[in-house]
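Coordinate inspection notes
Residues per chain are reported as follows:
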Protein chains: 2
Amino acid sequence: MPAATLTAAMAQAAYEIDEALKMLLPPEEGPEAPLFAAMRYACIGGGKRLRGFLVLEGARQFGVARSAALRVAAAIEMVHAYSLVHDDLPAMDDDDLRRGKPTVHKAFDEATAILAGDALQSHAFTVLAEEDTHSDPGVRAELVRCLSKAAGPRGMCGGQMLDMLAEAANAPLDEVAIGRLQTLKTGKLIEFSAEAGAVLGKAPAALRHALLAYGRDLGAAFQIADDILDATATAEEAGKATGKDAVAGKATLVGLLGLDRARLQAERLVLQSKGHLDGFGERADLLRMLSDFVIERRS
Amino acid sequence: MPAATLTAAMAQAAYEIDEALKMLLPPEEGPEAPLFAAMRYACIGGGKRLRGFLVLEGARQFGVARSAALRVAAAIEMVHAYSLVHDDLPAMDDDDLRRGKPTVHKAFDEATAILAGDALQSHAFTVLAEEDTHSDPGVRAELVRCLSKAAGPRGMCGGQMLDMLAEAANAPLDEVAIGRLQTLKTGKLIEFSAEAGAVLGKAPAALRHALLAYGRDLGAAFQIADDILDATATAEEAGKATGKDAVAGKATLVGLLGLDRARLQAERLVLQSKGHLDGFGERADLLRMLSDFVIERRS
């Protein structure tokens with residue numbers, strides 16, 4: 001399959017996820033409209049939708065209804081978006097721009113940004129728990145359990161805490177500590193994104209676990225590729241400021257291992273991620289291409 | 001039943017809820033320990049646990065296992081605690097003290113406070129979605145749906161947005177607008193606290209709705225009583241600074257209607273709340289006493 005196939009499929013998925021988000025987020029009406037506006041601003045119309053794409057492709061392996069998969073994809077993207085809104089706050093990374101647009105606390109204000117992030121997290125769970133997501137409440141409860149764990153103290157929030165502590169300590173992390181930080185901060189949510197389709201499709205445990213393992217290796221490769229990109233791409237290519245990690249003294253595998261060894265490790269992870277898909281047929285070809293894509297991309 | 005019975009029952013419930021929180025929140029171990037410490041600091045050992053008490057008493061009407069009710073009570077208290085942590089932030093109400101202790105961003109720092117609030121919200125949904133909460137996944141999914149709605153854009157977060165907008169606008173709200181603000185900001189969560197036991201007990205719709213309606217009127221009376229307390233009690237009696245609402249020009253029913261009419265309205269709501277319990281027997285006596293208590297308390 002040509003690489004253009006993946007690009008087209010990702011663009012199509014991003015479009016559908018955007019439409020789902022437009023429908024699922026509260027419309028900008030009534031006295032609370034500024035909150036709803038900030039939520040929509042944070043979520044709609046940006047990003048590659050890697051997490052949402054993983055949900056849709058995972059779900060496709062088991063013939064899950066597209067409408068159900070889109071709700072789960074949208075819920076995960078809400079959680080991802082909320083984490084970016086809070087990470088960008090002055091008390092955290094203090095970023096003014098995100099994907100070329102003013103961050104939420106710049107476009108609105110800090111209090112609205114905090115609230116919009118909070119409300120996005122609640123709303124993601126409402127979407128998962130509603131009957132439209134799946135007729136089987138066991139599936140809905142399991143989706144909530146997995147997403148809340150991936151986002152919570154032993155997932156994304158824990159990883160962000162480690163990141164802040166590392167920056168404050170100003171002491172280099174070793175490979176194990178960097179691995180833990182990245183697994184928690186971005187890995188768990190990507191892992192669940194890959195796994196979610198199997199939950200929706202009530203897949204056999206072995207296949208569910210294979211998708212989770214695929215997501216784990218893919219997420220790790222993605223993170224290294226991101227760090228390599230930061231170290232090598234021009235800002236124009238990347239669409240955002242680059243070289244930030246080195247300036248911030250941020251602990252990355254690239255900084256620790258050097259570019260060449262980091263690249264080798266990413267390639268190894270890509271191979272490994274594809275290996276987990278051996279039990280899947282041609283239907284998983286887009287997931288296999290995605291593995292190659294994450295280390296080949298220049299933005 | 002003497003009033004001491006209620007006081008003793010509330011103290012007992014508060015103790016058990018605290019024990020449940022200690023068990024359910026991550027222990028202060030490992031590299032993420034500062035995050036876990038902030039979560040525990042925000043949740044454990046404070047407050048009347050009105051919301052948790054409502055869960056336990058609601059659940060008792062239907063013979064629900066205490067252990068299950070305590071998990072739901074703890075989850076709701078986690079959401080309540082997270083909302084206080086975020087409300088206290090410099091960008092929001094900028095409070096240094098809460099229940100006589102330094103607020104989380106004072107005891108830790110602002111970034112940790114934001115993260116701890118975020119993680120508490122996620123963790124509340126993990127607790128609800130786990131099998132230990134109820135063997136029926138339909139019950140777990142319904143609890144998640146209701147709590148996330150009560151906390152989300154059309155609940156607590158929406159109410160906090162209205163509160164901020166009212167303060168920024170510096171224009172007095174009318175009675176309808178105040179009602180909407182308070183229903184969203186504090187009402188919805190109290191409502192669900194009263195209703196949750198019926199969800200756990202798979203109660204008939206009429207009884208579930210009666211508890212919800214009880215919670216709605218109780219919550220409204222509680223809010224007016226809080227405003228009256230702020231206007232009349234000494235700081236010593238209330239255990240916190242009083243007279244803050246008038247100074248901040250905050251829109252309350254007391255400010256709008258005056259003390260006497262506000263007090264009358266609270267009494268009317270208390271009567272009305274007890275009326276919703278007519279279909280319940282003596283087992284609901286503590287809930288009836290709680291209605292009287294909310295407008296009689298001096299702290």
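Higher on the page you've got the structure.
Note that the structure is a prediction, hence the values are computed from the model and not measured.

Considerations on the overall build of chain A
Along chain A, the regular secondary structure elements total 15 helices and two strands. Computed over the C-alpha atoms, the radius of gyration of chain A is 19 Å, within 12% of the 19 Å expected from 2.2 N^0.38 for a compact globule of 299 residues. In terms of overall dimensions, chain A has a C-alpha envelope of 50 × 50 × 35 Å along the principal axes. Within chain A, buried positions represent 57% of all 299 residues. In chain A, of all internal contacts separated by at least 6 residues, the share reaching a separation of at least 24 is 71%. Accessible surface for chain A amounts to roughly 11,900 Å². Of this, 53% is attributable to carbon and sulfur atoms. Averaging the positions of the 33 positive and the 42 negative side-chain charges in chain A gives two centres separated by 4 Å.

Section: helix H14 (residues 259-275) of chain B
All names here are of chain B. Taking 1.5 Å as the rise per residue, H14 with 17 residues should run 24 Å; its terminal C-alpha atoms sit 24 Å apart, in good agreement. Listed as buried for H14 are Ala262, Ala266, Leu269, Val270 and Ser273. Across the axial projection of H14, the buried residues extend over an arc of 105 degrees, all falling on one side. Opposite the buried face of H14, by more than 90 degrees, sit the exposed residues Asp260, Arg261, Leu264 and Leu271. Where H14 is buried, its residues contact helix H10 (205-232), helix H13 (253-257) and helix H15 (285-296).

Section: the interface of chain A and chain B
On the side of chain B, 48 residues touch chain A, which itself brings 48 residues to the contact. Of the roughly 4,000 Å² buried between chain A and chain B on both sides combined, carbon and sulfur atoms contribute 73%. Between the two partners, chain A and chain B, sit 10 residue pairs in polar contact (both at pLDDT 80 or more). Breaking the side of chain A that touches chain B down by element, the ones donating at least two residues are helix H2 (33-43), helix H4 (66-87), helix H6 (110-129), helix H7 (137-151), helix H8 (156-169) and helix H9 (175-200) of chain A. No other element matches H6 of chain A, which puts 13 residues into the side of chain A that touches chain B. Tallied by class, residues from the side of chain A that touches chain B come to 28 nonpolar, 11 polar and nine charged.

Describing the packing of aromatic side chains
Applying the stated rule across the entire model yields five aromatic pairs over all chains. Here the aromatic rings of Tyr41 of chain B and Phe108 of chain B are separated by 5.6 Å at their centres, their planes lie at 75 degrees, and the arrangement is edge-to-face. Here Tyr41 of chain B is found in helix H2 (residues 33-43), whereas its partner Phe108 of chain B is found in the loop between helix H5 (104-107) and helix H6 (110-129), with 67 residues between them in sequence. Over the aromatic face of Phe36 of chain B sits the side chain of Arg154 of chain A, whose NZ or CZ is 5.9 Å from the ring centroid.

Considerations on the relation of the copies chain A and chain B
The transform that puts chain A on chain B rotates by 180 degrees and translates by 0.0 Å along the axis, for an RMSD of 0.0 Å. In short, the pair behaves as if placed about a two-fold rotation axis. Considering only C-alpha atoms, the part of chain A nearest the rotation axis is Ala141 of chain A, at 2.5 Å. The share of interface residues of chain A whose copies in chain B are also at the interface is 100%, consistent with both copies meeting through the same surface.

Some points on helix H3 (residues 50-60) of chain B
Think of an α-helix as 3.6 residues a turn; residues three or four steps apart then line up on the same face. Residues and elements named next belong to chain B. Counting buried residues in H3 gives 10 out of 11 residues, a clear majority hidden from the surface. Taken together, the buried positions of H3 are Leu50, Arg51, Gly52, Phe53, Leu54, Val55, Leu56, Glu57, Gly58 and Ala59. Where H3 is buried, its residues contact helix H1 (3-24), helix H4 (66-87), helix H9 (175-200), H10 and H15.

Some words on the state of the cysteines
For the structure shown, the criterion picks out zero disulfides over all chains. No disulfide involves Cys157 of chain A; its nearest neighbouring cysteine sulfur is the one of Cys43 of chain B, lying 13 Å away.

Re the packing of H7 of chain A against H6 of chain B
Two numbers describe how H7 of chain A lies on H6 of chain B: the axes approach to 8 Å, and their chain directions differ by 145 degrees. Seen from above, H7 of chain A lies across H6 of chain B with left-handed handedness. Facing Ala141, Val144, Arg145, Ser148, Lys149 and Ala151 of chain A of H7 of chain A, the residues of H6 of chain B in contact are Ser122, Phe125, Thr126 and Ala129 of chain B. Across the contact of H7 of chain A with H6 of chain B, the residue classes break down as five nonpolar, three polar and two charged.

What about the nonpolar core?
Across soluble globular proteins, nonpolar side chains show a tendency to be buried alongside one another. Ranked by internal contacts, the top residues of the largest apolar core, which has 195 residues, are Met78 of chain A together with Met78 of chain B. Ignoring anything within four residues of it in the chain, the contact list for Met78 of chain B reads Leu21, Leu24, Leu25, Cys43, Leu120, His123, Ala124 and Val127 of chain B.

Describing the pattern of salt bridges
In a structure, side chains of opposite charge can pair up when their charged atoms sit close to one another. Taken as a whole and assessed by the stated rule, the structure comprises 34 salt bridges over all chains. Note that Asp18 of chain A and Arg49 of chain A form a salt bridge whose closest N and O atoms lie 2.7 Å from each other. Separated by 31 residues along the polypeptide, Asp18 of chain A in helix H1 (residues 3-24) and Arg49 of chain A in the loop between H2 and helix H3 (50-60) bring together distant segments of the chain. In this structure, Asp163 of chain B engages Lys185 of chain B in a salt bridge whose closest nitrogen and oxygen atoms are separated by 2.6 Å. One end of the pair, Asp163 of chain B, is in helix H8 (residues 156-169); the other, Lys185 of chain B, is in helix H9, with 22 residues separating them in the sequence. Residue Asp163 of chain B shares its accessibility class with Lys185 of chain B, and that shared class is buried. Each of Glu142, Arg145, Glu195 and Arg208 of chain A takes part in salt bridges that share partners, so that together they form one network.

Points about the packing of H1 of chain B against H15 of chain B
Packed helix pairs are specified by the crossing angle of their axes together with the interaxial distance, meaning the distance between the axes. Residue and element names in this part refer to chain B. With their axes 10 Å apart at the nearest point, H1 and H15 run at an angle of 100 degrees to one another. Overall, the two elements H1 and H15 adopt an arrangement that is roughly perpendicular. Contact residues: H1 offers Ala3, Thr5, Leu6, Ala9 and Met10, while H15 offers Leu286, Met289, Leu290 and Phe293. Of the residues contributing to the contact of H1 with H15, the split by class is eight nonpolar, one polar and no charged.

Side note on the environment of Gly155 of chain B
Residues and elements named next belong to chain B. Residue placement: Gly155 occurs in the loop between helix H7 (137-151) and H8. The class for Gly155 is buried, based on a relative accessible area of 0%. On a C-alpha basis, the gap between Gly155 and Ser83 in space is 12 Å, while along the polypeptide they are 72 residues apart. When neighbours within four sequence positions are excluded, Gly155 is seen to be in contact with Lys149, Ala150, Leu184, Lys185 and Lys188.

How each quantity is defined
Residues numbered from 1 in each chain as written. Chains lettered and ligands numbered in written order. Predicted model: local features only at pLDDT ≥ 70, side-chain atom pairs only at ≥ 80, totals over all residues. Heavy atoms only, no water. Helix = DSSP H or I, 4+ residues; strand = E, 2+ residues; numbered from the N terminus. Rg over C-alpha atoms; globule rule 2.2 N^0.38 Å. Buried < 20%, exposed > 50% of the residue type's maximum accessible area, 1.4 Å probe, protein only. Contact = heavy atoms within 4.5 Å. Areas by Shrake-Rupley, 256 points an atom, 1.4 Å probe, with all protein chains shown as cover. Lys, Arg positive; Asp, Glu negative; His and termini not counted. Charge placed at Lys NZ, Arg CZ, Asp CG, Glu CD. Expected span 1.5 Å × (residues − 1). Arc of directions from axis to C-beta. Buried area = accessible area lost by both parts, 1.4 Å probe. Polar contact = N/O pair within 3.5 Å; in protein donor to acceptor, adjacent residues only side chain to side chain. Nonpolar A, V, L, I, M, F, W, Y, C, P; charged D, E, K, R; others polar. Phe/Tyr/Trp six-rings, centres within 6.5 Å; stacked < 30°, edge-to-face > 60°. Lys NZ or Arg CZ within 6 Å of the ring centre and 35° of its normal. Least-squares fit on C-alpha atoms with pLDDT ≥ 70 in both. Disulfide = S-S within 2.5 Å. Axes fitted to C-alpha atoms, helices over the stretch in contact; angles between N-to-C directions. Left-handed = near helix turned anticlockwise from the far one by under 90°. Core = buried A, V, L, I, M, F, W, Y, C linked by side-chain atoms within 4.5 Å. Salt bridge = Lys/Arg side-chain N within 4 Å of Asp/Glu carboxyl O. Parallel < 35°, antiparallel > 145°, perpendicular 65-115°, else oblique.

Treat this as a map of the structure, not an account of what it does.
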